[in-house]
Every structure is written in structure tokens, then in C-alpha cells.
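Residues per chain are reported as follows:
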Amino acid sequence: VQLPNTSEEKGDFSDLLATASISYDRWKATLTEQLDRDTKAIKQEDRSLQYVDTNDNHFIIRHRLRRKDTPNEDEQVSLGGQLRYNAIWSSLHFANLNQTSDQMRSSIHAIQYDNCCWGAQLIWEHNLYINDVGSDIIRLAFIFKGLTTFGSLSDQKIDSRLYFE
């Protein structure tokens, strides 16, 4: 295999990827590491800690490190949460701080309606790109539960748009 601007890969595999997860009571911790095939040095990592309380409110903190020990190294910390107000209404909030540039890179806020047959989200997203150009996006997302794939849970599909697992 050879990607553009890279040397040809002739080994049986490329990088090594390992994921470990542990859950205890209402806590879940996950670690994913990408190791270089030859040196076994860490190239990328993703760590997260999630808490779900008795009212099904979610709180998550995530640390991501990309392209470690390269000129393009990128390190980010993200905080997020889903607050349930009752059985059908909730709000979701997510903020991403880029530690490499010490800037808030993105924030996402949403109001979610989720009943037995359909769900909707009104999403506001603010992004600041590497070249300091910003964008604000407002989206309206709908999901009709009878139209999901067999065996899927539609509320997980709605939440996954905002990075909750």
C-alpha cells in the first residue's frame, strides 16, 4: 500500500490500534491508542470519562492527541453533557478547547425533543478553524423512528450527532 507523499508499506499490517474500556456503576472510561508499527511509539490517543446519573443526564470529558511528536501535533480537551428535563425534552452542550493553540475551537448547543414516534434537534454550532476563520451553523434535524434501520435505537442516533456514546 502506498498513499500519496508516503513511502510504500510492505509489512503485514500498518499501525497498531488498541482500545480498552471499563464501566463501573454509572462511570465509563475508555482509552484508544494508535501505535507506530515499527517504533511502537504512541502516534495518537483518545481518552474519555463519562458519567450517567439517575435521571439519565450524561457528562463527558475527552482528551485527544493527534500526530504526536510531529510539527502538526494537535491536542484537544472536550467537555459535554446532556441534561434531561423530562421524558421528552433535553438539551445538549459540547465545547472543544484546542490546547495546542490555546483556543476554543468549537461549541455545540442543542435542544432536543424525543417522543415515541419521532425526534427533533435544533442545533447551534460555532467553529473556529486553524486559519482563525469562524463559522456559525444552525441546523434542524428530524428523525422518524419507524424509518430507522432494523434493531437500532433512534435516540442514540440523535445523540450521536453531538458526540455522545
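Whatever comes next refers back to the structure up there.
Note that this is a predicted model, so its numbers are computed, not measured.

A. Up close: the environment of L140. In this structure, L140 sits in strand β9 (residues 134-144). Take L140: its relative accessible area is 54%, and that puts it in the exposed class. Separated by 17 residues in sequence, L140 and I123 place their C-alpha atoms 6.2 Å apart. Discounting chain neighbours no more than four positions away, the residues touching L140 are Q121 and L122.

B. Representation of the pairing of strand β1 (residues 16-24) within the structure. Across the nine residues of β1, zero count as buried, placing the element largely on the outside. In the sheet, β1 pairs with strand β2 (residues 27-35) via nine bridges, with the strands oriented antiparallel. Note that in β2 the partner of S23 across the bridge is K28. The hairpin turn running from β1 into β2, its antiparallel successor, is two residues long, and D25 in that turn takes a positive phi close to 55 degrees.

C. Quick look at the nonpolar core. Residues L92, F94, I108, A110, I123 and A141 constitute the largest nonpolar core, which totals six residues. Of all elements in the fold, only β6 (89-98) and β7 (103-114) reach the threshold of two or more residues within this core.

D. Region of the structure containing the environment of N72. Among the structural elements, N72 can be located in the loop between β4 (58-66) and β5 (74-84). Distance from N72 to T100, taken between C-alpha atoms, is 9.6 Å for residues 28 residues apart in sequence. Excluding residues that lie within four positions of it along the chain, N72 makes contacts with R66 and R67.

E. Region of interest: the sheet that holds β4. Taken together, nine strands build an open sheet; the order of strands is β1-β2-β3-β4-β5-β6-β7-β8-β9 and the sheet is antiparallel. Strand pairing shows two members of the sheet lacking a second neighbour, β1 and β9, which therefore form its edges. Here the average twist between neighbouring strands, direction ignored, is 10 degrees.

About the cut-offs
Residues numbered from 1 in each chain as written. Predicted model: local features only at pLDDT ≥ 70, side-chain atom pairs only at ≥ 80, totals over all residues. Heavy atoms only, no water. Helix = DSSP H or I, 4+ residues; strand = E, 2+ residues; numbered from the N terminus. Buried < 20%, exposed > 50% of the residue type's maximum accessible area, 1.4 Å probe, protein only. Contact = heavy atoms within 4.5 Å. Pairing = 2+ DSSP bridges. Core = buried A, V, L, I, M, F, W, Y, C linked by side-chain atoms within 4.5 Å. Axes fitted to C-alpha atoms, helices over the stretch in contact; angles between N-to-C directions.

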